[in-house]
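Take a look at the letters that make up each chain.
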Amino acid sequence: MTKVTSAWKIYNMNIVDEANQIENNIARTVNISFPSDMPVLFFTTREDKVNEDKKKSNVTFYQTQLTDFPSSKTITYEGHHYLHWTHYKEISEQVNEFLKTFEGN
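Just so we're clear, the structure is a prediction, and the values are computed from it rather than from any experiment.

Draft legend 1. Just the overall build of the protein, in detail. Secondary structure summary: the protein contains 6 helices and 2 strands in total. If you list the helices and strands of the protein from N to C, you get α-α-α-β-α-β-α-α. In the protein, buried positions account for 16% of the 105 residues. Summed over all atoms, the accessible surface of the protein reaches about 8800 Å², with 56% contributed by carbon and sulfur.

Draft legend 2. Summary view of the packing of aromatic side chains. Under the counting rule described, the total for this entry stands at 6 aromatic pairs. Where Phe42 meets Tyr62, the ring centres are 4.7 Å apart and the plane angle is 35 degrees; that geometry is what we call tilted. Taken together, the residues Phe42 in strand 1 (residues 41-45) and Tyr62 in helix 4 (residues 58-65) connect sequence positions 20 residues apart. A relative accessible area of 13% means that Phe42 is categorised as buried. The class for Tyr62 is partly exposed, based on a relative accessible area of 25%. Ring pairing ties together the aromatic residues Phe34, Phe42 and Tyr62, which thus form one cluster.

Draft legend 3. A look at the confidence of the model for the protein. Averaged over every residue, the pLDDT of the protein is 83; the share at 70 or more is 81%. Across the protein, element-level confidence peaks in helix 6 (residues 88-100) with a mean pLDDT of 96 and bottoms out in helix 1 (residues 2-9) with 66.

Draft legend 4. Fine view of the pairing of strand 1. Counting buried positions over the 5 residues of strand 1 gives 4, a clear majority of the element. Where strand 1 meets strand 2 (residues 73-77), 5 bridges bridge the pair, whose relative direction is parallel. Residue pairing for strand 2: Leu41 is matched across the bridge by Lys73.

Draft legend 5. Representation of the nonpolar core in the model. By size, the foremost hydrophobic cluster in this structure holds 6 residues: Leu41, Ile75, Tyr77, Leu83, Ile91 and Phe98. Where this core is concerned, the elements lending two or more residues are strand 2 and helix 6. Ignoring anything within four residues of it in the chain, the contact list for Leu83 reads Phe43, Thr44, Thr45, Tyr77, Glu78, Tyr88 and Ile91.

Draft legend 6. Spotlight on the side chain of Thr44. Structurally, Thr44 is set in strand 1. You can call Thr44 buried: its relative accessible area is 6%.

Draft legend 7. Spatial organisation of the environment of Phe69. Note that Phe69 resides in the loop between helix 4 and strand 2. What makes Phe69 partly exposed here is its relative accessible area of 26%. Between the C-alpha atom of Phe69 and that of Ser36, which follows or precedes it by 33 residues, the distance is 6.7 Å. If near-sequence neighbours (up to four positions away) are discounted, Phe69 is found in contact with Ser36, Asp37, Met38, Pro39 and Phe102.

Definitions and limits used
- Within any chain, residue numbers begin from 1 and follow the written order of that chain's sequence.
- Totals for whole chains, interfaces and linings use every residue, but because this is a predicted model, local features are given only for residues with pLDDT of at least 70 and side-chain atom pairs only at 80 or more, for both listing and counting.
- Hydrogens are left out, water is left out, and the side-chain values use all remaining heavy atoms of the structure.
- Helix numbering and strand numbering both begin at the N terminus, where a helix is a DSSP run of H or I of at least 4 residues and a strand a DSSP run of E of at least 2.
- Whether a residue is buried, partly exposed or exposed follows from its accessible area with a 1.4 Å probe, protein chains only, as a fraction of its type maximum: under 20%, in between, or over 50%, in that order.
- To measure how exposed things are, a 1.4 Å probe is used in the Shrake-Rupley method; for residues, cover is taken only from the protein chains shown.
- Between 30 and 60 degrees the pair is tilted, below 30 it is stacked and above 60 it is edge-to-face, where a pair is any two Phe, Tyr or Trp rings, Trp via its six-membered ring, whose centres lie within 6.5 Å.
- pLDDT gives the predictor's per-residue confidence on a scale running from 0 to 100.
- DSSP bridges decide pairing: two strands pair if at least two such bridges lie between them.
- Here the nonpolar core consists of buried residues drawn from Ala, Val, Leu, Ile, Met, Phe, Trp, Tyr and Cys, with membership extended through side-chain atoms lying within 4.5 Å.
- In what follows, residue pairs with any heavy atoms lying within 4.5 Å of each other are defined as contacts.

Written out as structure tokens, the structure is:
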């Protein structure tokens, strides 16, 4: 069902336009960061491929985006891009734990 839905939706006008604008959109956001007092929680694959400039992997990139907020963190899982398909239970638990750090604030 996922393959059928993806094939049906993947080449709509908005998706094609987004793909055509990806370099421009990256350039516009490269120097944007989260406010230092904003809690940030990232989920990414454990796969630590280094990018073409040999400086950053997906994990190290996300770590550079973390804020100074004490509960900010990056959580890695084995898997592909769609971690929420295969690790939804763990992600749910991690999000609930993350949110508990704000109770009473």
